[in-house]
Amino acid sequence: MGSVPIFAMELLFILAIGLVAGTLSGIVGFGSSIMLMPVLVIVFGPLQAVPVMAIAAIMANLSRIIVWWREVDWRVCAAYSATAVPCAALGAATLLVLPARIVEAALGAFFISMIGVRRWMAAHDLKLGPGHLALLGVPIGYFTGIVASTGPITVPVFLATGLVKGAFLSTEAASSLAVYLAKAAVFRSFGALPWEIALQGLIVGSTLMAGAFIAKRFVLKLDSTRFRLLMDGLLLLSGLALLWAALLPAQP
């Protein structure tokens, strides 16, 4: 009996974090997976947390598309998705055969490494076209299949196309939506997405959707310097949390 109220408290905590994460990602274009993944890993375990996050991410991206529907650049979205979607499916299949601790360590190291990558990309005034996006979709899509989110990469990539504010948020979300749908399909085909996990993802995703609508009023007010610091801080904290979880002694 005691485990039921404990899980209820854990779920309420996840939903509270989800609302904050949904608002944040609705402002800066990413962050929901980075904030939620450490919590989901602790509550559900790393292999179950990724499918749950995949369902929640579908809902989060869908909400940003709805909020900024008129500003989606479908040409940019199609160029990126053409290669990112099949590569994400391949990455998701790779994830399902990896040991749990490798998943945790990879997630943590990935998030921390993205601090340097993001700063390097921001230092170069790049303008990317559809051809560049199609090429970048191969590695980014594959890693998204493995590590839950590559928002720290896709954010500077899509900004480098010249998209800003609502156009950036909605186009990046539309592209990510296609990738996460591919991941969910792979998880389902391999039996890693039973209805119980799908329901958990829908519950978590509902808070992310609510956060996206709350965020709309703040999008134009975010200072660029604070944005960069916030992004690096999220990457560092989440990466360290996942590396710590990977180093914990195995449970008997």
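Each remark here, short or long, concerns the structure printed above.
Residues numbered from 1 in each chain as written. Predicted model: local features only at pLDDT ≥ 70, side-chain atom pairs only at ≥ 80, totals over all residues. Heavy atoms only, no water.

**Observations concerning a nonpolar patch on the surface**
Together, Leu19, Ile214 and Phe218 give the surface a local cluster of nonpolar side chains, amounting to about 240 Å² of exposed area. As for its placement among the helices and strands, Phe218 is situated in the loop between α9 (195-215) and α10 (224-247). (Patch = residues over 30% accessible without salt bridge, like charges linked within 9 Å, V, L, I, M, F, W, Y side chains within 5 Å. Areas by Shrake-Rupley, 256 points an atom, 1.4 Å probe, with all protein chains shown as cover. Salt bridge = Lys/Arg side-chain N within 4 Å of Asp/Glu carboxyl O. Helix = DSSP H or I, 4+ residues; strand = E, 2+ residues; numbered from the N terminus.)

**Observations regarding the packing of aromatic side chains**
Applying the stated criterion to the full structure yields two aromatic pairs. When the centroid spacing of 5.6 Å and the interplanar angle of 65° are considered together, the rings of Trp69 and Trp74 count as edge-to-face. On the accessibility criterion, Trp74 (45% relative accessible area) is partly exposed. Ring centres 5.2 Å apart and planes at 70° place the aromatic pair Tyr80 and Phe158 in the edge-to-face group. Highlighted residues: Tyr80 in helix α4 (residues 74-95) and Phe158 in helix α7 (residues 151-159), separated in sequence by 78 residues. Like Tyr80, the residue Phe158 is buried in the burial classification. (Phe/Tyr/Trp six-rings, centres within 6.5 Å; stacked < 30°, edge-to-face > 60°. Buried < 20%, exposed > 50% of the residue type's maximum accessible area, 1.4 Å probe, protein only.)

**Brief notes about the side chain of Thr23**
Here Thr23 lies in helix α1 (residues 3-28). Judged by relative accessible area, Thr23 falls into the buried class, the value being 17%. Every residue in contact with Thr23, bar those within four places of it in the chain, is listed here: Gly211, Ala212, Ile214 and Ala215. (Contact = heavy atoms within 4.5 Å.)

**Overview of the pattern of salt bridges**
Considering all chains together, one arrives at one salt bridge under this definition. Residue Arg64 pairs with Glu172 through a salt bridge whose shortest N-O separation is 3.5 Å. Linking Arg64 in helix α3 (residues 46-67) with Glu172 in helix α8 (residues 165-189), this pair joins segments that are 108 residues apart in sequence. Of the two residues, Arg64 and Glu172, neither departs from the other in class, the shared state being buried.

Everything listed is a geometric property; what it means functionally is a separate question.
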